[in-house]
Amino acid sequence: MTDRREEGPEAGTIVLMLGNPNVGKSALFNRMTGANAVVSNYPGTTVDFMSGTFIESGHTYTIIDVPGTYSLEPRDAAEEVAVRMLRDYPDATVIIVLDATKTDRGLYIALEVMERGMPCIVAVNMMDAAHEKKITVDIAALQRLLGVPVVSTTAISGEGVRELAEMLRKAKVADIGAIAQRLRGEEPERESVRSCGGCGGCGGQ
Amino acid sequence: MQIKLSDLPFGETAVVREIQTPAHDLNCMGLRIGKELKMVTKQPIKGPVVVLIGELEIAMGLEMAELIVVETGTDA
């Protein structure tokens, strides 16, 4: 594994694509970078990662497709790589990818990442599969609760991918205390979403 | 009635009441206290034991399943 921190300013903002295994991180990665990467994940020995770049509104982003992990307490080599990537790029922005049909599981790792104080944005992927299974995800409510931008995407059709790219610059550090307060039904002192219903257009700013 | 997950018959549903092992591994996979699950597969000797929680299938060893207490007949 090469150290990419030395790549200089042309590498732009480092973005880590993180989430549970099999939620479509690589599909989303391919969509955003135009890469055609077949990423395999085999537990035990070598677990690699891919990186690619894309330019949005004149800003270059280097996206790193991190191996899927269930938590930040690694239990196998793939998860170790994921945790190491978070440690190696402390200034990176994190795209937390959730499977729309299994959001509660994804939120576990999402909150673990948010606890690290890294700027994040949440992509609720596989919306097509959720529609098929008659599952609806209240994106606006999730955004209000987490206080970071939440975008619904379908990586295989490309739906929401442009919006995700545009919202990347709105990624922000989640306030765990405020999330806990909102979960208890209290409104934190400084609520970032004021009169707006949280359409996602402004990232709740 | 509270039983070990390993004793839950095929196709039956139950609610997770207690996890007698460091719960982190199971929690991050989506198995938490209060969740309703359904037994899908239970292989003898060492497992695997596969349960369905909503859309999630979670596989674990038989030893792990013996440390999970579930309550049956909650919806009866």
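Residues numbered from 1 in each chain as written. Chains lettered and ligands numbered in written order. Predicted model: local features only at pLDDT ≥ 70, side-chain atom pairs only at ≥ 80, totals over all residues.

Caption draft 1: Quick peek at the overall build of chain A. For chain A, the helix and strand inventory stands at seven helices and seven strands. Looking at chain A residue by residue over its 205 residues, the buried ones come to 40%. Taking all contacts inside chain A whose residues are at least 6 apart in sequence as the whole, residues at least 24 apart take part in 69%. (Helix = DSSP H or I, 4+ residues; strand = E, 2+ residues; numbered from the N terminus. Buried ≥ 20, exposed ≤ 12 C-beta atoms within 10 Å, placed from the backbone. Contact = placed C-beta atoms within 7 Å.)

Caption draft 2: Here's a closer look at the nonpolar core. One finds Val 15, Leu 16, Met 17, Cys 120, Ile 121 and Val 122 of chain A to be the most contacted residues of the largest nonpolar core, which totals 50 residues. Leave out the neighbours within four places in its chain, and Val 15 of chain A touches Tyr 61, Thr 62, Ile 63, Ile 64, Ala 92, Thr 93, Ile 95 and Leu 168 of chain A. Ranked by size, the runner-up nonpolar core spans 15 residues in total, among them Leu 5, Ala 14, Leu 37 and Ala 65 of chain B. (Core = buried A, V, L, I, M, F, W, Y, C linked by C-beta atoms within 7 Å.)

Caption draft 3: Quick look at the sheet that holds strand β5 (residues 56-60) of chain B. Residues and elements named next belong to chain B. Taken together, the six strands give an open sheet; going across it, the order is β1-β6-β2-β3-β4-β5, and neighbouring strands pair in antiparallel fashion. Here the strands that pair on one side only, and so sit at the sheet edges, are β1 (2-4) and β5. Neighbouring strand axes in the sheet, compared pairwise and without regard to direction, differ in orientation by 45° on average. Bridging between β1 and strand β6 (residues 68-72) involves three bridges; their strand directions are antiparallel. Opposite Gln 2, over in β6, you have Glu 71 as the bridge partner. (Pairing = 2+ DSSP bridges. Axes fitted to C-alpha atoms, helices over the stretch in contact; angles between N-to-C directions.)

Caption draft 4: The arrangement of unusual backbone geometry in detail. All names here are of chain A. The phi torsion at Asn 22 lies on the positive side, around 65°, for a residue other than glycine. Within the fold, Asn 22 resides in the loop between β1 (13-19) and α1 (25-33). At Met 126, a residue that is not glycine, the phi angle is positive and equals roughly 65°. Following the sequence through the fold, Met 126 ends up in the loop between β5 (119-125) and α4 (127-132). You can call Met 126 buried: it has 28 C-beta atoms within 10 Å.

Caption draft 5: Seen up close, the interface of chain B and chain A. The partner chain A presents eleven residues to the eight residues of chain B that form the contact. Looking at the side of chain B that touches chain A element by element, the count peaks at five residues for helix α1 (residues 24-29) of chain B.

By themselves these figures say nothing about function.
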